[in-house]
Amino acid sequence: MSLINKMLQDLDARGTPDGRGDAAGIRSVPERERGVSRALVFGGAAGLTAAAIALGWVYLKRPAVPPVLVSVASTPVLVPVPAPAPVVVVPAPTPVVAAEPEPVFQAEEATPAPAKLRAADMRRITEHAAKPAAAPVVKTTASAASERIIDGKQVTPQQRVENEYRRALAQLQDGRVSDAMLALQQTLQLDPRHQGARETLVRLLLEAQRPDEAARQLQLSLALDPKQPAQAMMLARLQLDKANGGAAALDTLMRSLPYASDSGEYHAFLAGVLQREQRYREAAEHYQLALQAAPDNSVWWMGLGIALQADNHPAQARQAFERAKGLQTLSPQLQAFVERKLVQLTAAAAK
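Note that the structure is a prediction, hence the values are computed from the model and not measured.

Observations concerning the environment of Leu304
- Mapped onto the secondary structure, Leu304 falls in helix α12 (residues 298-310).
- We classify Leu304 as buried; its relative accessible area is 5%.
- Setting aside chain neighbours within four positions, we find Leu304 in contact with Ala284, Tyr287, Gln288, Leu291 and Ala320.

In structure tokens, the structure reads:
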């Protein structure tokens, strides 16, 4: 502003001889006016400086903002799995057999049978199995009807029994012992009196070391038909293996005795059981009946001598022992036993 005033004063001096300007011309700015403008300028600058300092102080003193961690892991979404549709099992109709009902053989109650038998055992069992009656082999299934037409042929209940029995024997020949047992049981369910199936099943059970099951099968068979001396003897042997089984064995043999009157082996076996039960007189009687069928059986003569000696008939016992010794068919052990008995009886008679 002082520069402008100086310029105005120079112009005023040049325009008048005495150096003063015209009153109507340009004049300098009074000092009062110049002082007001300077104060405003300094005041505005000071205000701006204070504002800048305040803003800087606020910026520097602001609290630090901790970083925010944002987890970007996706939340697992559970997808519902549809439940499987229920399976409805429709039971097959149970076949009805016209034959008499029979308890089913429980394989779980005893030691399981081996899958294979020795070839020699297999031959022995199948050779002893009864031959099935001549009947056409027809593929059959269990049926409730007494007769059924299959493949254009009429099949009777007896034919179904024989077909099942033949199937069991074929499985036995193939070494499928477990399957053969099941087929034999099925045969007996169709016909409980089928002796071939019964005896084959009993022999298989004995080979498998299952005597209790074999005895039960024999008891079922004899209950249906006591006219089977061979089965009665087999059952009696199994009963004798049990503790105090002599009474049960004797009862079994006595029931079938009327159907074995001509069997020397049956009488001799019964005599041995009677002798074991200390019924010596009856034992001697059955030994005598047995010897009528086989007079050269030295073992039976020895048994007769034992029974007669125990029943207090020393003279007759000595004769029986002498006959047993004279046949010369005893084993060395039994021969020595008979000789000792003869020495005892001779010494007793000499007193």
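Some remarks on the environment of Val338
- Considering the arrangement of structural elements, one finds Val338 in helix α14 (residues 332-350).
- In this structure the C-alpha to C-alpha distance between Val338 and Met302, which are 36 residues apart in sequence, comes to 7.1 Å.

Overview of the packing of aromatic side chains
- Throughout the structure, instances matching the rule amount to zero aromatic pairs.
- For Arg237, the ring lying beneath its charged end belongs to Phe269, and the centroid distance is 4.7 Å.

A word on helix α6 (residues 195-207)
- For α6, spanning 13 residues, the distance from its first C-alpha to its last is 18 Å, which sits close to the expected 18 Å at 1.5 Å a residue.
- Phi turns positive one or two residues past the end of α6, at Gln209, with a value near 60°.

A closer look at unusual backbone geometry
- One non-glycine residue, Asn312, lies in positive phi territory at about 70°.
- For Asn312, the position within the fold is in the loop between α12 and α13 (314-326).
- For Gln328, which is not glycine, the phi torsion reads 55° and is therefore positive.
- For Gln328, the position within the fold is in the loop between α13 and α14.
- Taking relative accessible area as the criterion, Gln328 reaches 57% and is therefore assigned exposed.

What counts and what doesn't
- Sequence positions are assigned chain by chain, starting from 1 and proceeding in written order.
- Selection of residues for local features in this predicted model requires a pLDDT of at least 70, selection of side-chain atom pairs for listing and counting requires 80 or more, and totals for whole chains, interfaces and linings are taken over all residues.
- To obtain the side-chain values, all non-hydrogen atoms of the structure were used and water was disregarded.
- Helix numbers and strand numbers start at the N terminus; a helix is a DSSP run of H or I with at least 4 residues, a strand a run of E with at least 2.
- Any residue under 20% of the maximum accessible area for its type is buried, any over 50% is exposed, and the rest in between are partly exposed; the area is computed with a 1.4 Å probe on protein chains only.
- Here a residue-residue contact requires only that any non-hydrogen atoms of the pair lie within 4.5 Å.
- When the centres of two rings from Phe, Tyr and Trp lie within 6.5 Å, Trp using its six-membered ring, the rings pair. Their planes under 30 degrees apart give stacked, over 60 give edge-to-face, and anything left gives tilted.
- Two thresholds decide whether a charge sits over a ring: the Lys NZ or Arg CZ must be within 6 Å of the ring centre and within 35 degrees of the ring normal.
- Each helix should span, by expectation, one fewer than its residue count multiplied by 1.5 Å.

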